[in-house]
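Close look at the chain arrangement
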Amino acid sequence: MKAVTWQGKRDVRVEEVPDPRIQEPTDAIIRVTSTGLCGSDLHLYEVLTPFMTPGDILGHEPMGVVEEVGAQVPGLKPGDRVVVPFQIACGHCYMCDNGLPTQCETTQVTGEGMGAALFGYTRLYGAVPGGQAEYLRVPQAHYGPIKVPEGPPDDRFVYLSDVLPTAWQAVMYAEVPRGGSVAVLGLGPIGDMACRVARAKGAGRVFGVDLVPERLRRARERGVETFDLRAFDNEKELVAAIQEETGGRGPDAVIDAVGTEAHGGAIAKLVQQGAALLPRKLSGPMAERFSVDRLAALYTAIDLVRRGGTISLVGVYGGMADPMPLLTMFDKQIQMRMGQANVRRWSDDILTYLTDEDPLGVQDFATHRVPLADAPHAYEMFQKKQDGAVKVLMQP
């Protein structure tokens with residue numbers, strides 16, 4: 001089959017690889033019909049290269065049609081249309097029973113000290129072959145895949161794999177009071193969708209911050225009060241502008257949907273890039289023990305949120321030696337929640353919004369749809385924010 005493989009920093013290729021097969025009785029094989037390109041994929045493309053191996057198959061946002069099921073997958077049959085969550089979880093361990101499938105005790109990558117295995121991500125999360133491919137082996141298929149109805153286009157449901165539950169959890173963790181205010185830092189796919197979910201769930205005012213014109217325009221068209229970071233000399237001016245809109249207090253919650261790709265932090269950027277250039281035997285251990293993030297967005301969130309407010313951290317950070325302004329966080333009594341989205345915890349609630357009325361605007365959410373063969377160009381375009389690329393879907 002054809003699959004998108006990682007070969008090095010900013011080097012992905014579509015190659016012929018062996019077809020997946022049933023290995024465990026709880027496996028299923030899915031013929032992929034649509035698969036997303038995610039901001040987290042760009043971390044592999046650019047930042048987290050020390051944890052990658054040439055030939056790794058990328059992608060964690062697939063949906064498709066069941067081709068084959070193992071003997072212990074009673075809920076699926078060939079021909080079923082499914083969305084595959086980005087995490088792999090069993091559905092019956094202590095963590096899954098408590099709504100935390102991202103911490104599944106059956107698939108935890110204990111050798112790396114990490115949580116549940118993920119599709120198409122680094123060795124830290126099991127190096128499981130991903131969904132940017134023609135076919136996908138789905139472990140724990142008795143629990144993970146979400147069956148969806150025939151008829152509507154893939155765009156209606158494909159975001160259940162990651163974008164929708166990640167944005168939904170970001171809003172739930174933010175605990176925005178009904179009629180309250182929330183600021184979303186970063187209006188890429190997750191931040192954009194978080195704004196939509198926050199409005200749908202009753203937030204009174206939603207502020208969105210970015211510096212990419214296309215992203216700002218998309219958010220503004222859906223009722224978000226946008227702030228163009230380029231219009232301010234520094235983050236403190238931005239903070240003051242948003243606080244002025246909230247009586248000088250600051251929003252009730254801030255969602256950091258940027259993560260380690262934040263524009264600031266030149267020294268951290270040099271450390272990240274330097275680690276990627278080291279020999280593999282050195283770069284991995286260095287990144288695990290001493291890596292730092294570019295924390296501009298998180299620092300802005302801490303300054304911006306009102307006293308006693310909540311920060312929901314959904315942007316991916318990977319540093320192990322990050323300096324945190326604990327004095328400010330303690331003094332302001334900031335609550336902070338974070339983590340990978342627990343997809344199956346939220347999927348049933350989200351499905352009620354995926355109707356013909358399309359209140360979240362999923363059916364026109366993608367800005368680009370390309371063949372899988374064009375993946376190398378799609379990665380470059382998305383990474384460089386070219387041609388108005390906000391969300392890219394690929395079809396094998």
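Residues numbered from 1 in each chain as written. Predicted model: local features only at pLDDT ≥ 70, side-chain atom pairs only at ≥ 80, totals over all residues. Heavy atoms only, no water.

Just so we agree on the cut-off: UniProt positions are given in the numbering used here, feature names are shortened, and annotations may be inferred rather than shown by experiment.
The chain goes by Zinc-dependent alcohol dehydrogenase in an unreviewed UniProt entry, where it is assigned to Streptomyces ziwulingensis. According to UniProt, the comment filed for the chain under the heading Cofactor (unreviewed entry) is "Zn(2+)". The heading Sequence similarities (unreviewed entry) in the UniProt record of the chain holds the text "Belongs to the zinc-containing alcohol dehydrogenase family."

1. Some thoughts on the overall build of the chain
Quick note on the threshold: Secondary structure elements follow DSSP: runs of H or I of four or more residues count as helices, runs of E of two or more count as strands, with numbering from the N terminus. Each residue gets one of three labels from its accessible area relative to the maximum for its type: buried under 20%, exposed over 50%, partly exposed in between, using a 1.4 Å probe on protein chains only. Whether two residues touch is decided by their heavy atoms; if any such pair falls within 4.5 Å, the residues are in contact. Only the protein chains shown count as cover for residues, and the accessible areas themselves come from Shrake-Rupley with a 1.4 Å probe.
Along the backbone of the chain there are twelve helices and 15 strands. Each of the 396 residues in the chain was classed as buried or not, and the buried ones make up 56%. By sequence separation, contacts in the chain at least 24 residues apart represent 73% of the contacts at least 6 residues apart. Put simply, the chain shows about 16,300 Å² of open surface, and 51% of that area lies on carbon and sulfur atoms.

2. Re the pattern of salt bridges
Threshold: Counted as salt bridges are all cases of a side-chain nitrogen of Lys or Arg within 4 Å of a carboxyl oxygen of Asp or Glu.
Throughout the structure, instances matching the rule amount to 23 salt bridges. Taking the shortest distance from any N to any O, the salt bridge between E16 and K2 comes out at 3.4 Å. Residue E16 is located in strand 2 (residues 11–16), and its partner K2 is located in strand 1 (residues 2–8); the two are separated by 14 residues in the primary sequence. E16 gets classed as exposed once you look at its relative accessible area, which sits at 54%. The structure contains a network of salt bridges with shared partners spanning K9, R10 and E46.

3. Some details on the environment of S181
Mapping S181 onto the fold places it in strand 8 (residues 181–185). You can call S181 buried: its relative accessible area is 9%. Expressed as a C-alpha distance, the spacing of S181 and G250, which sit 69 residues apart in the sequence, is 8.6 Å. Beyond its immediate chain neighbours, meaning those up to four positions away, S181 contacts V176, R205, F207, T246, P251, D252 and A253.

4. Side note on the sheet that holds strand 8
We count it as follows: A pair of strands is treated as paired once DSSP finds two or more bridges between them. Orientation is described by axes fitted as lines to C-alpha atoms, over the contacting stretch for helices, and by angles from 0 to 180 degrees between their N-to-C directions.
With parallel pairing, the six strands of this open sheet are ordered in space as 10-9-8-11-12-13. Across the chains shown, the open sheet's two edge strands, defined by having one partner strand only, are strand 10 (225–228) and strand 13 (335–338). On average, each strand axis in the sheet is inclined to that of its neighbour by 20 degrees, with strand direction left out of account. For strand 8 and strand 9 (residues 205–210), the ladder comprises five bridges, and the chain directions are parallel. Directly across from S181, in strand 9, lies its bridge partner R205.

5. Quick word on the packing of helix 6 (residues 235–245) against helix 9 (residues 296–304)
Using the following cut-off: We call a crossing left-handed when the near helix sits turned anticlockwise from the far one by less than a right angle, and right-handed when that turn is clockwise. Each residue gets one of three labels, nonpolar for Ala, Val, Leu, Ile, Met, Phe, Trp, Tyr, Cys and Pro, charged for Asp, Glu, Lys and Arg, and polar for the others, Gly among them.
With their axes 10 Å apart at the nearest point, helix 6 and helix 9 run at an angle of 40 degrees to one another. For the pair helix 6 and helix 9, the crossing hand works out as right-handed. Where helix 6 approaches helix 9, its residues E235, K236, L238, V239, I242 and Q243 are matched on the opposing element by A296, T300, D303 and L304. Counted by class, the contact of helix 6 with helix 9 contains five nonpolar, two polar and three charged residues.

6. Details of the packing of aromatic side chains
Formally: Centre distance within 6.5 Å is the pairing criterion for rings of Phe, Tyr and Trp, where only the six-membered ring of Trp is used; planes under 30 degrees apart are then read as stacked, over 60 as edge-to-face, and the remainder as tilted.
Within this structure, the stated rule accounts for five aromatic pairs. Where W168 meets Y353, the ring centres are 5.3 Å apart and the plane angle is 70 degrees; that geometry is what we call edge-to-face. Taken together, the residues W168 in helix 3 (residues 163–174) and Y353 in the loop between helix 11 (343–351) and strand 14 (368–371) connect sequence positions 185 residues apart. Across the pair, Y353 and W168 agree in class, each one buried. Geometrically, the ring pair formed by F207 and F227 is edge-to-face, given 6.1 Å between the ring centres and 65 degrees between the ring planes. Within this pair, whereas F207 is found in strand 9, its partner F227 is found in strand 10, the two being separated by 20 residues in sequence. On the accessibility criterion, F227 (12% relative accessible area) is buried.

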